[in-house]
Amino acid sequence: MQTRRQVIRRVLSSTVIALVVALEFVGCIRLSGDVSGDPLNEGHPCPNAWYSMNWFDYTTASWPDHDVTSEYPFLATAEIFTATGGCYIGFEDCGTNRDLFIDPSDPSLGYNFDQLVLALKGVRNAGLKPYVVTGNVPVQLSTDPEIGVFNVNTQPPANFSEYRNYIASLAESLVDNFGLDEVRSWQWGVLTEYNNADWYILDEESYFALYDWTVCALESVLGSGLYIGAHACTQCEGDRGWTSVDLLDHVLKGVNYCTGQIGSPLAFFTDSFYESSPGNPGDMSDLKSTAQYLRRQLSLRGLDDLPLGIDEGRILSGPDELPLLSRAVGATYQASLDALMFKIMMDYEVDYYSRWNVNTDGLLSSSPVNPIATNVALLTTKMIGSTLYSVSVVGLPSTRKDMVDGVIGLSNSTLSLFVFNHNPEMDGGGTESVDVSICGISDHKNENLVTVVWTLDDNNGQFWNVWWQDMLDNDIQSFLSGWSKYSDQILLTDPTEISYFDSRRSTYQSLSQMTPQTTTLPVDSDGCITTSLTMTPHSVQLLQVQL
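Criteria and thresholds
Residues numbered from 1 in each chain as written. Predicted model: local features only at pLDDT ≥ 70, side-chain atom pairs only at ≥ 80, totals over all residues. Heavy atoms only, no water. Disulfide = S-S within 2.5 Å. Buried < 20%, exposed > 50% of the residue type's maximum accessible area, 1.4 Å probe, protein only. Salt bridge = Lys/Arg side-chain N within 4 Å of Asp/Glu carboxyl O. Helix = DSSP H or I, 4+ residues; strand = E, 2+ residues; numbered from the N terminus.

Visitor: Can you help me understand the state of the cysteines in this one?
Guide: Two cysteines whose sulfur atoms are joined by a covalent bond form what is called a disulfide. This structure, assessed with the given rule, holds four disulfides. Bridging Cys233 to Cys236, the disulfide has an S-S length of 2.1 Å. Judged by the sign of its S-S torsion, about 70°, the bond between Cys233 and Cys236 is right-handed. Residue Cys233 is classed as buried on the basis of its relative accessible area of 3%. For Cys236, a relative accessible area of 3% corresponds to the buried category. Regarding the disulfides, the protein chain carries the connectivity 1-2, 3-6, 4-5, 7-8 under sequence-order numbering of its bonded cysteines. There is no disulfide at Cys28, and the cysteine sulfur nearest it, in Cys439, is 16 Å away.

Structure below.
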């Protein structure tokens, strides 16, 4: 029997040992993986996580006169929001023409799909495939139209059969202009954030009917097997919206409002995800929980393989509390935040995110400046098709709240390590030392392997700090009214200030270029690569080892 004093000594001794062990790992992060083990996600390859880009109002868009995919190889799709109606100039509170009629105030005069056809030709000329989001309902096709906060009619059709004819006629026009096989290859959606009262009436059965009749109309012209799905808003559930996954039950076992049969086609499911502002919360914890929730809900319904995407999101507002035009900041913070987002997407099988821009001008410049977030997308594109493996991280960061993590991918000829140092605060974070060990490279024991290293930080692949100082030094203030100056899409309104930015454009372009470094890394007799990295605040690195 131990005395009380002996027990106290034993407990104190254990506590001291634990504290010493913990202190040993403070300021030294150990990141490891083993590519001989079981892959993530049953071996599903790394997807193109950034293949889509949004156009909120295609009626005012200008389209590139060249194929943009050589500059942005991750881009494949242009998502056209609210493509088929919901407003026309002349109706109260409407500021744009979306209703596709000869005279939107009098649908009986016939359809006119020319403006949408012209926009979709612009999409194809840019080397992209359309993702056509149908809706909202044309004003004069609703009994009591109401224009919501997004400048669209939030009410359902007065006659769903009439609405079906409208969508079917659009499909016929598209086939006439592009050909059946081409139009069948496009992605289709039915409404934006369908369970959000700001977009559509808070009545899930009404949306189920809209979805069924829309799919029915498209299939009547294009045939079955379309890549068509729906865009939810789980963050809207509660007072602002109904439970988004109820749609899954409807398409699986509900009565189809158009056909009268059981079920309706659903080829993919997407969501919106936003953080309020940098640092709020800044850790993508909501994305992680949302992805887990949606994947679980899909699995419970036998839809494990259904593609899951994010059709809009990232950060709503800048530090100045004004909305971000691109939903992204230009600071290096965005690099590590996007890297963290990519990590969560890969871990929880979120197939893609549809972004709002790719450069400081959106997409339309013939001489673009790429923000650091675009460079993150360009780096992850190098991992497409790789088999992904688990990453283990132990140790405590030197700076509180720093989040060091990564993604490991393996292809036939390349081992990739994508690693980042994120801090939830835009101006927070410290430099972290990271010891890396990747094992399972048994075919290359005792060899030195050529390794290419890309780095993104304040001084690499980043122009923003220089631009910000230029802005302060020249008292530049003519940012688009009502929008945050922290956005990585820079829209100025004063001609003199625009000219100044253009005069510095080549400098910014040079600073935003990524310059890889080449080194060699040894593989030891156990088939493991070890190296040490120094990760500055919000930095991102991609190491690609040539096998």
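Visitor: When you look at the pattern of salt bridges in this model, what are you seeing that I'm missing?
Guide: Side chains bearing opposite charge may pair, as long as their charged atoms lie close to each other. Counted according to the given criterion, the structure contains 10 salt bridges. The partner of Asp470 in a salt bridge is Arg504, with the nearest N and O atoms 2.9 Å apart. Of the two residues, Asp470 sits in helix 10 (residues 464-473) while Arg504 sits in the loop between helix 11 (495-503) and helix 12 (505-512), which places them 34 residues apart along the sequence. Here Asp502 makes a salt bridge to Arg505, at a shortest N to O gap of 2.9 Å. Among the charged side chains, a salt-bridge network with shared partners connects Arg124, Lys129 and Glu182.

Everything listed is a geometric property; what it means functionally is a separate question.
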